[in-house]
Amino acid sequence: MLRFSRSKIIATVAIIVIGLLLAVPSTMNREQRQAFLNAVPSWVPSWLVPSRAIVLGLDLQGGSHVLLEVDAQDLLRGQITILRDDVRRILRDTRVSSQNGIQTIPRGVQIRVPDAADRDRLIPRLRELAQPIGNAVLGQTGNNAIDINTTPDGVITLTYTEAGINERVRRAVDQSIEVIRRRVDATGTTEPSIQRQGADRVLVQVPGLQDPQQLKALLGETGNLEFRLLAQPGATDVDMLPMEDQGGQRVPVERRVIAEGGDLTDAQPAFDSQTNQPIVNFRFNIRGAQRFGQATTENLGRQLAIVLDNRVISAPTIQSPITGGAGQISGSFTVEQVNNLAVLLRSGALPAKLTIVEERTVGPGLGRDSIEAGKMATYVAAIFVIIFMFVTYGLFGLFANIALIVHVGLIFGLMSVLEATLTLPGIAGIVLTIGTAVDSNVLIYERIREEVRAGRSIVSGIQAGFDRAFATIVDSNSTMAIAAVILFFLGSGPVRGFAVVFILGILTTVLTAVTLTRMMIALWYHWMRPKVLPF
Amino acid sequence: MRLVRLWPENSHFDFMRFRRFSFPLSAVISILTAVMLLTGGLNFGIDFRGGTLMEIQAKSGQANVGQIRQVAEGFGFGDVEVQEFGSAGEVSLRFPIQEGGEAAQAAVVQKARDTFSNEYEFRRVETVGPRVSGELVQSGTIGIVLSVIAVLFYLWFRFERELAVASIIGTLHDIVLTIGFFVITGHEFNMTSIAAILTIVGYSLNETVVVFDRTRELMRRYKTMPAEELLNLSINHTMSRTVMTAATTALSLLALVLFGGQAIQGFAQVMLYGVVICTYSAICISSPMLIYIGLRGSETVKVPEGRAAAAE
């Protein structure tokens, strides 16, 4: 019999009402949503109030999507420099000398210690460098980050293993995320999203950002600041570095670092009170202040070299000892440059260079147009389908149409709860499900019609129509789900938004097209007691 | 109220007859697709090819395409494609991938912004470096291959061997003809196109499953009915549903083509074409295929030799 018990009706209606209520916050803008949440009386438990909303994708609200990759080569170069310094320290500590110094090889360093007794003293100390990968909490992986090989004639090679490099890259990504967050926050953008992607990438998404030029400039710099001295003529331990305000001409700079970015506690853009030029004021921590004070006292009259990412950005002459721990960087900077420089110094250095491997920016105008076009397409599609179903199935078409509207509402409800991202392809997904959602109704109605034509009574025809069509409905939805699930796992960004909508649409269609329609038809039958099918 | 019926009740249409046209037609289009794929290939968008895409709109409402082209070619970033599209002075610029790795791509955007931002609004800027585009090609290919494998497994569990084979032929047919649409029209092929192809795979399977479900039901009821007659009956039984679903889906896609805006139009056009192809293949390819594969395994229905030869 075509029966729908009272409890079942209540349950169905309750689920649908809850589902639709969940979509309510998504229909409001931020201010309205806050006002709504404030208006709810305080005795209502917070979990009862729908507060989550759909997030608009960057393609709809406008903004920038920048995918950065840690430059593994650059990272490895830095790691090798550290390794070289460590080896030098150990050689000094153990009073062993390498025959031809410390050679840098592609993935590590090489030394030559012909004396076996020296080697025996040295190697245990070197082994300490080859720390195992992993950490105390997660346990050891059994792999070392550095391999140490010795040949009989005394050549000792220390190389980073594949696992060791990967481990460093992974750590570099974690550190980079922190640094990037500080830098992006400093630009005053709202709600940036910064997350790891894959092994060596960071995805930065900044809604509302129109021209990501400043962001890219900020993220393109490592931000490694060093205070050194310009070398005096004849000095040996020097690096030749380009000098920024002299057209990139290379000048000799002492290798010894007096203080570095990590010693800074603050950096702010400002204007020089005399020349009115943009400058950066900074403060050292205690360690930095001491070392800086001592160096400036000892080297009065010499030129300081302020080195950022291996470029000398300023070379002021030390006119008096700077012992207060505060100083300034001046040079031929623009206001924007000092702003960026201050941000770089405050946020600390990146562990390695980051390369932009993908950038997608949508202007707010296009985003707005896309939303408008998407709405329009959704309304038109709904009207097309609603009219079409009504002229084909009459009253039953009306039931299907109610189910269809509820179906779209439920997709929005589910997306709100999941705080899913609605993208432009996602809107296309909604429009497409408007077309496919009624498929279940069509399958049922056609089956009912067939059963009744085959001689069944109207009640048993409806019953049989629902029962027999159900297997096909499950089938036809699972076939669509196959494609959608694959798309969800493979796609990124906008395309994934399409898959999400499609998967949710498949879930809700079973509830609306089968259960809800069946309920409406059952109630209609009990009220009207019809003798013939209305279509 | 008089209700509209798209398909007559109790139809007895001989659908199997269509195979004489549909088989050669599909074969020709498939071969043409394969040949064009090998010679010309797909018109890859920047997702797969890498490079920079910019969409700019004239602030005055009137874009000077000739001037933009001339200026952009003067940048020295290689062959730039400049096209007017949409309405109200919208122009798209496509720069090829630049030598010198990922960092070199950024210079293109910078230069274009500096040059055009006074008179034009930058509506969209996309830069895809060589590594990312390589990965997208990979994941797109994996996606299509995976979907075919998933479909195979599904059909293996769901149907007898004969029906499964016919369905998978239908699905492959639809993939090939959809790719054919891209090759023949020169429609841009990007990540959204992969989404369209996967959705078409789902829809194609959906269509075949509905018909074959009925075929199986009828096979149990009419144990001795010849394959051709049985298949015709299955399609006639399910035809009103097929037409309705194709119509509602096509209508909503039509709304998307007409009003969805330029950014989504390409996807909607492909899907609209896909719905037509899937409906066609379920009726004119997968079902008649069963006449040759045989419906009931060992008790294969015999087809007179002359007709089989003519159809091939």
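Residues numbered from 1 in each chain as written. Chains lettered and ligands numbered in written order. Predicted model: local features only at pLDDT ≥ 70, side-chain atom pairs only at ≥ 80, totals over all residues.

### Digging into the overall build of chain B
No. 1: Looking only at helices and strands, one finds 10 helices and 6 strands in chain B.
No. 2: Across its three principal axes, chain B shows a C-alpha extent of roughly 75 × 50 × 35 Å.
No. 3: Considering only contacts within chain B whose residues lie at least 6 apart along the sequence, 75% involve residues at least 24 apart. (Helix = DSSP H or I, 4+ residues; strand = E, 2+ residues; numbered from the N terminus. Contact = placed C-beta atoms within 7 Å.)

### Structural notes on the overall build of chain A
No. 1: Each helix and strand counted, chain A has 13 helices and 21 strands in total.
No. 2: For chain A, the spread of C-alpha atoms along the three principal axes comes to 110 × 65 × 45 Å.
No. 3: For chain A, with 535 residues in total, the buried portion stands at 43%.
No. 4: A fraction of 70% describes how many contacts in chain A between residues 6 or more apart in sequence connect residues 24 or more apart. (Buried ≥ 20, exposed ≤ 12 C-beta atoms within 10 Å, placed from the backbone.)

### Notes on the sheet that holds strand 20 (residues 354–362) of chain A
No. 1: The strand order 9(A)-10(A)-2(A)-20(A)-5(B)-2(B)-4(B)-3(B) describes an open sheet built from 8 strands, whose pairing is antiparallel. If you trace the sheet from one side to the other, it starts and ends with strand 9 (193–197) of chain A together with strand 3 (81–85) of chain B, each paired once. The mean angle between the axes of side-by-side strands here comes to 20 degrees, regardless of whether they run parallel or antiparallel.
No. 2: Two strands pair when backbone bridges link them, and strand 9 of chain A and strand 10 (residues 201–207) of chain A are joined in this way by 5 bridges, in the antiparallel orientation. Bridge pairing in strand 10 of chain A places Gln 195 of chain A opposite Leu 203 of chain A.
No. 3: Sheet strands touched by helix 6 (residues 162–186) of chain A: strand 2 (63–70), strand 9, strand 10 and strand 20 of chain A. Its angle to strand 10 of chain A, the strand with the most contacts, is close to 20 degrees.
No. 4: Strands strand 20 of chain A together with strand 5 (120–128) of chain B of the sheet are contacted by helix 10 (residues 364–418) of chain A, whose axis makes an angle of about 90 degrees with strand 5 of chain B. (Pairing = 2+ DSSP bridges. Axes fitted to C-alpha atoms, helices over the stretch in contact; angles between N-to-C directions.)

### Considering the nonpolar core
Generally speaking, soluble globular proteins have nonpolar side chains that are buried together.
No. 1: Ala 381, Val 385, Ala 428, Val 431 and Leu 487 of chain A are the most contacted members of the largest nonpolar core, which has 212 residues in total.
No. 2: Each residue touching Ala 428 of chain A, except ones within four places of it in the same chain, is listed here: Phe 498 of chain A together with Leu 256, Gly 260, Ile 264, Phe 267 and Ala 268 of chain B.
No. 3: Core analysis: the next-biggest nonpolar cluster, separate from the first, contains 12 residues, Ile 111, Val 113, Leu 126 and Ile 146 of chain A among them. (Core = buried A, V, L, I, M, F, W, Y, C linked by C-beta atoms within 7 Å.)

### A word on the interface of chain B and chain A
No. 1: Between chain B and chain A, the contact holds 59 residues from the first and 57 residues from the second.
No. 2: Residue assignment for the side of chain B that touches chain A shows that the elements contributing at least two residues are helix 4 (101–116), strand 5, helix 5 (130–158), helix 7 (191–221), helix 8 (227–259) and helix 9 (262–293) of chain B.
No. 3: Residues of the side of chain B that touches chain A, tallied by class, amount to 34 nonpolar, 16 polar and 9 charged.
No. 4: The pairing of strand 20 of chain A with strand 5 of chain B spans 5 bridges and is classified as antiparallel. Across the sheet, the residue bridging to Val 362 of chain A is Arg 124 of chain B, located in strand 5 of chain B. (Nonpolar A, V, L, I, M, F, W, Y, C, P; charged D, E, K, R; others polar.)

### Points about the domain arrangement of chain A
No. 1: Here the domain parsing of chain A yields domain 1 (6–61 + 365–528), domain 2 (72–165) and domain 3 (225–333).
No. 2: If you average the C-alpha positions of domain 2 of chain A and of domain 3 of chain A, the two centres end up 33 Å apart. (Domains from an automatic or database assignment.)

### Topic: the sheet that holds strand 8 (residues 155–160) of chain A
Residues and elements named next belong to chain A.
No. 1: Read across the open sheet, the 4 strands follow the order 3-4-8-7; overall the sheet is antiparallel. Because the sheet does not close on itself, it has two edges, and the strands there are strand 3 (103–105) and strand 7 (146–150). Mean inter-strand twist for the sheet, computed between neighbouring axes without regard to direction, equals 20 degrees.
No. 2: Packed on one face of the sheet, helix 4 (residues 72–94) meets strand 3, strand 4 (108–112) and strand 8 and runs near 30 degrees to strand 4.

### With respect to helix 13 (residues 493–528) of chain A
All names here are of chain A.
No. 1: For helix 13, spanning 36 residues, the distance from its first C-alpha to its last is 50 Å, which sits close to the expected 52 Å at 1.5 Å a residue.
No. 2: Of all bends in helix 13, the biggest is about 35 degrees, found at Thr 508.
No. 3: One or two residues past the end of helix 13 sits Arg 529, with phi positive at roughly 45 degrees. (Expected span 1.5 Å × (residues − 1). Bend = angle between axes of the 7 residues up to and from the residue.)

### Describing the packing of helix 1 (residues 19–39) of chain B against helix 9 of chain B
All names here are of chain B.
No. 1: Close contact between helix 1 and helix 9 brings their axes to 9 Å; oriented N to C, the two are set at 105 degrees. Compared by their axis directions, helix 1 and helix 9 come out roughly perpendicular. Here Arg 19, Ser 22 and Ser 26 of helix 1 lie close against helix 9, whose contacting residues are Cys 284, Ile 285 and Pro 288.
No. 2: Among the residues forming the contact of helix 1 with helix 9, the class breakdown is 3 nonpolar, 2 polar and 1 charged. (Parallel < 35°, antiparallel > 145°, perpendicular 65-115°, else oblique.)

### Notes on the pairing of strand 7 of chain A
Residues and elements named next belong to chain A.
No. 1: Pairing of strand 7 with strand 8 involves 5 bridges; the strand directions are antiparallel. Note on strand 8: the bridge partner recorded for Asp 147 is Thr 159.
No. 2: Adjacent in sequence and paired antiparallel, strand 7 and strand 8 are bridged by 4 residues, among which Gly 154 carries a positive phi angle near 95 degrees.

### Re the pairing of strand 11 (residues 225–229) of chain A
Within a regular beta strand, the side chains point alternately toward one face of the sheet and then the other, so they alternate between its two faces.
Residue and element names in this part refer to chain A.
No. 1: Buried residues dominate strand 11, accounting for 5 of its 5 residues.
No. 2: Across 5 bridges, the pairing between strand 11 and strand 17 (residues 304–308) is antiparallel. Within strand 17, the position partnered with Leu 229 by the bridge is Leu 304.
No. 3: In terms of strand pairing, strand 11 meets strand 14 (residues 259–260) through 2 bridges, oriented antiparallel. When the sheet's bridge partners are listed, Phe 227 is paired in strand 14 with Ala 259.

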